[in-house]
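Coordinate analysis (summary)
Here is what each chain is made of, one letter per residue.
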Amino acid sequence: MRRRALIIVNAAAGRSGSSRRRLGRVVAALERRGCAVVLRRVAPASGDAERLAREAEADFDIIVAAGGDGTLNAVVNGMEAAPRPIALLPFGTANVLAREIGLPRDPERLADLIAAAPARPIWPGRVGDRLFLTMASSGFDAETVAAVNSRLKRHTGRLAFAWAILVCLWRYRACELCVRVDGVDHRAAAVIAAKGRLYAGPYVIAPRADLAEPILDLVLFQRSGRLAVLRYLGALLLGRLPRRRDIVLLRSREAFASAAKAVPVQADGEIVACLPVRIAIAEQPLRLVRP
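None of the values given here were measured: they were computed from a predicted structure.

Pairing within the open sheet is antiparallel, and its six strands lie in the order E7-E6-E19-E16-E9-E10. With one partner strand each, in any of the chains shown, strand E7 (130-132) and strand E10 (184-188) form the two edges of the open sheet. On average, each strand axis in the sheet is inclined to that of its neighbour by 25 degrees, with strand direction left out of account. Pairing of strand E16 (residues 254-259) with strand E19 (residues 277-281) involves four bridges; the strand directions are antiparallel. Residue pairing for E19: alanine 255 is matched across the bridge by isoleucine 279.

The next thing to look at is the pattern of salt bridges. Here the structure, examined in full by the defined rule, presents 17 salt bridges. Two residues, glutamate 213 and arginine 251, come together in a salt bridge whose shortest N-O distance is 3.1 Å. One end of the pair, glutamate 213, is in the loop between strand E13 (203-204) and strand E14 (216-221); the other, arginine 251, is in strand E15 (residues 247-252), and 38 residues separate them in sequence. The class for glutamate 213 is partly exposed, based on a relative accessible area of 30%. What you see here is one network of salt bridges that share partners, running through Arg32, Arg33, Glu108 and Asp112.

Moving on to the sheet that holds strand E17 (residues 264-267). Here we have six strands laid out as an open sheet, ordered E15-E14-E11-E8-E17-E18, and antiparallel in their pairing. Every interior strand has two partners, whereas the edge strands, E15 and strand E18 (270-274), have only one. The mean inter-strand angle of the sheet, taken between neighbouring strand axes irrespective of direction, is 20 degrees. Both strand E8 (residues 135-138) and strand E11 (residues 190-194) contribute to a ladder of four bridges, which runs antiparallel. Opposite methionine 135, over in E11, you have alanine 194 as the bridge partner. Sheet strands touched by helix H6 (residues 140-147): E8, E11, E17 and E18. Its angle to E17, the strand with the most contacts, is close to 80 degrees.

Rules and cut-offs
- Residues numbered from 1 in each chain as written.
- Predicted model: local features only at pLDDT ≥ 70, side-chain atom pairs only at ≥ 80, totals over all residues.
- Heavy atoms only, no water.
- Pairing = 2+ DSSP bridges.
- Helix = DSSP H or I, 4+ residues; strand = E, 2+ residues; numbered from the N terminus.
- Axes fitted to C-alpha atoms, helices over the stretch in contact; angles between N-to-C directions.
- Salt bridge = Lys/Arg side-chain N within 4 Å of Asp/Glu carboxyl O.
- Buried < 20%, exposed > 50% of the residue type's maximum accessible area, 1.4 Å probe, protein only.
- Contact = heavy atoms within 4.5 Å.

Next comes the structure, spelled out in structure tokens:
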């Protein structure tokens, strides 16, 4: 069966010469496989990716997000009312979901997946009224996302996050969170609700997490302070974070997070709310094309 694919391209992610060439090779490979391809480019943080996914014509068999985790998040939220198979072309900064599912970088293999591979169910999370695919968080992680300079991110990629970490360390103010899980209140300096094993690229944060399972893996950071943040970052880089004694790992279908002030909440690398919020498994799965 000939697939008709809508590819929504984040113009910033696809700006580099190498990204443009790889996108062109994927499109050419899809057309050789008999796919009808429509490209639509969107400006970053414009809301256009979500709108295009929401307004996509019914005869598109699959919608492909060409960008990073934030682009895919926008596409998924746009098509929530009329779900159909989705796929990802990873052109982002961290590409957490692409790493999580083992997505190949080779254009021919990517085209094989988009053209013919079956879409398999995955269970997204929900924070407030927004779906997420990789993680949602509040605390230092979300403060860092809020501090990222979008222009610097477009030009320097990961360095923008490194700079934001330094800024947040300099401005650090402790704020205790209350995370209610299965009727029990847990105190934490930060919380990450993970749908996948990986964080910020290749680093393991939730070893048991599985996209195909309708469960949240909650990572609670119990210590606050600049030194604690630096220790957590070091443990993350060394692959030891989940084994630390001041990390609590819980599994549940929902959690309620609150604080004494309006602390930001991020989902898939975008600020989406402030505490208090309910973080939960979505009501229905999505269909994702994956190896």
